[in-house]
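# Commentary on secondary and tertiary structure
The lines below spell out each chain.
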Amino acid sequence: MNNIHVEDAETLGRKGAIFIAGQILARPEGVIGLATGSTPVGVYRELARLYESGWLDFSRLITFNLDEYCGLSGSDENSYRRFMDEHLFDHVNIRKDNTHVPDGMAEDLQAECDRYERLIADAGGIDLQLLGIGHDGHIGFNEPGAHFPAGTHVAELTELTIEANTRFFDRSEQVPRRALTMGIGTIMKARRILLLASGSDKKEILQRALYGPITPEVPASVLQLHPDVTVISGV
Ligand code: PGA
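These lines cover the structure that appears in this document, whether it is placed above or below. Computed from a predicted model, the values in this text were never measured in an experiment.

Glancing now at the overall build of the protein. A count of helices and strands for the protein gives 7 helices and 10 strands. In terms of C-alpha radius of gyration, the protein reaches 16 Å, essentially the compact-globule figure of 18 Å for 235 residues. Overall, the protein is about 45 × 40 × 35 Å in size when its C-alpha atoms are taken along their principal axes. The proportion of buried residues among the 235 residues of the protein is 53%. Intrachain contacts of the protein at a sequence separation of at least 6 include 79% that bridge at least 24 residues.

Laid out in structure tokens, this is it:
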């Protein structure tokens, strides 16, 4: 595991973007897994800047997002599809039909999960997966539980996650209670993983995830078993 400590959020954004840019330069037609939340916002800003400066070409890149809320359409201001458009896709030359986010409005959610897994496999798998970490150790919406969920599935959000995500909504009752998320198996199949953790409030869970027992009670702890993980963390 490669651990990079940074002093501030701006540096985290820069170093995260440089790491992803390296992957895109090495394989411009490759497959990148993306994440939402506050932590990657600076990374996306820097990637857009690198594109504007002429350093990066997204025209052949394929992306898969980790997750999406159930019941929100892609045009909903709180959907992760909309988040990605606003923070990255609308600022670079990526083809929208090469960007994938699970469809939280699908009539048959299980069929949508199966379709998503197939799409990832058909694209040749994920070269580099970007991850944040929740205060309870979740990655994607894989919440603490009795086992590591394998594939893309419907997840029930925990109270802690609903509380944490309420900041993006007007009221906590508006936060969807369910989401579609890549499973731990989906994430672990990515060839490389970049985990970002920002803020002193993430310090303790990051320590437990990286150095504590490997347990589904701390879903991110499974990353200790992955052969190619880079962690960029700091305040
Ligand atoms: P955050 O979320 O980046 O908004 O802290 C991380 C996560 O819950 O995965």
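Looking now at the site of the ligand. Around the ligand, the surrounding shell consists of G37, S38, T39, G132, I133, G134, H138, R167 and K202. At 2.8 Å, a backbone N or O of S38 approaches an oxygen atom of the ligand. Contact between the ligand and T39: an oxygen atom at 2.4 Å from a side-chain N or O atom of the residue. When the free accessible area of the ligand is taken as 290 Å², the share hidden by the protein chains comes to 83%. The residue makeup of the shell around the ligand, split by class, is 1 nonpolar, 6 polar and 2 charged.

Right, let's talk about the packing of aromatic side chains for a bit. The full count for this structure, using the stated rule, is 6 aromatic pairs. On the basis of an interplanar angle of 40° and a centroid distance of 4.8 Å, the ring pair of Y69 and Y80 is categorised as tilted. Placement of the pair is Y69 in strand β4 (residues 67-69) and Y80 in helix α3 (residues 80-87), with a sequence separation of 11 residues. Taken individually, Y69 and Y80 each receive the classification buried, so the pair is uniform in this respect. Aromatic side chains Y69 and F169 sit 5.7 Å apart centroid to centroid with 75° between the ring planes, which places their arrangement in the edge-to-face category. You can see Y69 sitting in strand β4 and its partner F169 sitting in the loop between α5 (159-165) and β8 (178-181), a full 100 residues away along the chain. The buried category is assigned to Y69, whose relative accessible area is 1%. The buried category is assigned to F169, whose relative accessible area is 10%. Taken together through their ring pairs, the aromatic side chains of Y69, Y80, F141 and F169 make up a single cluster.

The parallel open sheet is built from 7 strands, whose spatial order is β1-β10-β9-β6-β2-β3-β5. The open sheet has two edge strands, β1 (2-6) and β5 (99-100), and neither has a second partner. Taken together, the 2 bridges between strand β2 (residues 31-34) and strand β6 (residues 128-131) define a ladder with parallel strand orientation. The residue of β6 that forms the bridge with G33 is Q129.

Strand pairing in a sheet relies on backbone hydrogen bonds, with the paired strands running either antiparallel or parallel. A sheet is described by the order of its strands in space; here 3 strands give the open sequence β4-β8-β7, paired in antiparallel fashion. Of all the strands in the sheet, the pair left with one neighbour each is β4 and β7 (153-156). Sheet twist, expressed as the average angle between the axes of neighbouring strands with direction ignored, equals 30°. As defined by bridge partners, β4 adjoins β8 across 3 bridges and the pair is classed as antiparallel.

Inspection of the secondary structure puts T186 in helix α6 (residues 184-188). A polar contact is formed between the side chain of T186 and the side chain of E117, at a distance of 2.7 Å. Non-local contacts of T186, meaning those with residues more than four positions away in its chain, are made with E117, I120, A150, G151 and T152.

What counts as what
Residues numbered from 1 in each chain as written. Predicted model: local features only at pLDDT ≥ 70, side-chain atom pairs only at ≥ 80, totals over all residues. Heavy atoms only, no water. Helix = DSSP H or I, 4+ residues; strand = E, 2+ residues; numbered from the N terminus. Rg over C-alpha atoms; globule rule 2.2 N^0.38 Å. Buried < 20%, exposed > 50% of the residue type's maximum accessible area, 1.4 Å probe, protein only. Contact = heavy atoms within 4.5 Å. Near = heavy atom within 4 Å. Polar contact = N/O pair within 3.5 Å; in protein donor to acceptor, adjacent residues only side chain to side chain. Areas by Shrake-Rupley, 256 points an atom, 1.4 Å probe, with all protein chains shown as cover. Nonpolar A, V, L, I, M, F, W, Y, C, P; charged D, E, K, R; others polar. Phe/Tyr/Trp six-rings, centres within 6.5 Å; stacked < 30°, edge-to-face > 60°. Pairing = 2+ DSSP bridges. Axes fitted to C-alpha atoms, helices over the stretch in contact; angles between N-to-C directions.

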